[in-house]
Amino acid sequence: LTVKCKILAVPLSGNVARNTQIAASARIDDLDMEIHGLLAQIIRVMGGSGVRLKGNVDPFDLELKDGRASYRKFRLRFGDADLVFSGSVEIETGKLHLTVSIPLTKKMLGSSGDLYKVLKGSRLNIPIKGTVHDPRLDTDRLNQEIGRLLLEGGKRAIFRLPFDR
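Computed from a prediction, not measured in an experiment: that's the story for all the values here.

A. Summary view of helix 2 (residues 37-45). Inspection of helix 2 places Leu38, Leu39, Ala40, Ile42 and Ile43 among the buried residues, and these make up the whole buried set. Gly47 sits one or two positions beyond helix 2 and adopts a positive phi of about 95°.

Structure follows, in structure tokens:
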């Protein structure tokens, strides 16, 4: 873990959680961790399995201001895939305001290799609800995103078909 702190201001009195300010950039190299909970659920959605994840986290900016920890483009790379987290967490309540962007994988589409060829490179943007102690993928939104991509794939496939005129 490498952290470069640009701003660190911690008040000595008052509401410390709300009034602390931090601006930093960070990166994680050679990450090797056991996966469970929300991360395991996301990996399963992608068609993966296993109990360990090895990878890296690209450099990202982190800000703590007005009682909220925020970050953008927290990109976790592992194997030939990546997850991109963005959003914020309320410090006092632990309430999550996050989104994870996951790549569409062949395993997510089952045996539909032709559809994957059309949709390769597409991503699903899924909100994460709940709190830091009980994070949950918004499965309703996940299903909507999959439906949206299937419609998009169908449109792309139709326009690729040769038409006799």
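B. Looking closely at a nonpolar patch on the surface. Taken together, the side chains of Leu8, Val10 and Val16 define a hydrophobic patch exposed on the protein surface, amounting to about 270 Å² of accessible area. Mapped onto the secondary structure, Leu8 falls in strand 1 (residues 2-9). Note on Leu8: relative accessible area 60%, which makes it exposed.

C. Local environment of the pairing of strand 3 (residues 52-65). Two strands pair when backbone bridges link them, and strand 2 (residues 21-34) and strand 3 are joined in this way by 10 bridges, in the antiparallel orientation. The residue of strand 3 that forms the bridge with Ala24 is Leu62. Where strand 3 meets strand 4 (residues 68-78), seven bridges bridge the pair, whose relative direction is antiparallel. The partner of Leu64 across the bridge, within strand 4, is Ala69. Hairpin remark: strand 3 followed by strand 4, antiparallel, with two residues in the connecting loop; positive phi at Asp66, about 55°.

D. Spatial organisation of the side chain of Glu145. With respect to the secondary-structure elements, Glu145 resides in helix 4 (residues 139-160). At a separation of 2.9 Å, a polar atom in the side chain of Glu145 contacts the side chain of Arg148. Contacts of Glu145, omitting those with residues within four sequence positions, involve Arg123, Leu124, Asn125 and Ile126.

E. Structural context of the nonpolar core. Among the nonpolar cores identified, the biggest contains 34 residues, and Ile42, Leu83 and Val100 are the most heavily contacted of them. Not counting residues within four places of it along the chain, the set of residues in contact with Val100 comprises Ile42, Leu83, Val84, Phe85, Leu124, Asn125, Ile126, Ile128 and Leu137.

F. Quick look at unusual backbone geometry. Despite not being glycine, Asp30 has its phi angle at roughly 55°, a positive value. With respect to the secondary-structure elements, Asp30 resides in strand 2. Overall, Asp30 belongs to the exposed group, its relative accessible area being 70%.

The rules we used
Here the residue numbering is sequential within each chain, running from 1 through the sequence in written order. Restriction of local features to residues with pLDDT of at least 70 applies here, the model being predicted, together with a cutoff of 80 or more for giving and counting side-chain atom pairs; totals for whole chains, interfaces and linings are based on all residues. Computation of side-chain values: all heavy atoms of the structure, hydrogens and water removed. Buried, partly exposed and exposed residues are distinguished by accessible area as a fraction of the type maximum, computed with a 1.4 Å probe on protein chains only: under 20%, between the cut-offs, and over 50%, respectively. Strands are runs of DSSP state E lasting at least 2 residues, helices are runs of H or I lasting at least 4, and numbering of each runs from the N terminus. To count toward a patch, a residue needs a relative accessible area above 30% and no salt bridge. Like charges then connect within 9 Å, nonpolar side chains (Val, Leu, Ile, Met, Phe, Trp, Tyr) within 5 Å. Accessibility throughout is a Shrake-Rupley quantity obtained with a 1.4 Å probe, and a residue counts as covered only by protein chains that appear here. The term salt bridge refers to a pairing of a side-chain nitrogen on Lys or Arg with a carboxyl oxygen on Asp or Glu at a separation within 4 Å. For two strands to be treated as a pair, DSSP must find no fewer than two bridges joining them. Definition of a polar contact: a pair of N or O atoms within 3.5 Å, with one able to donate and the other able to accept a hydrogen when the atoms are protein atoms, and with sequence-neighbouring residues admitted only if both atoms are side-chain atoms. Only heavy atoms enter the contact rule, under which two residues are in contact if any of them lie within 4.5 Å. What is meant by a nonpolar core is a set of buried Ala, Val, Leu, Ile, Met, Phe, Trp, Tyr and Cys residues, joined one to another through side-chain atoms within 4.5 Å.

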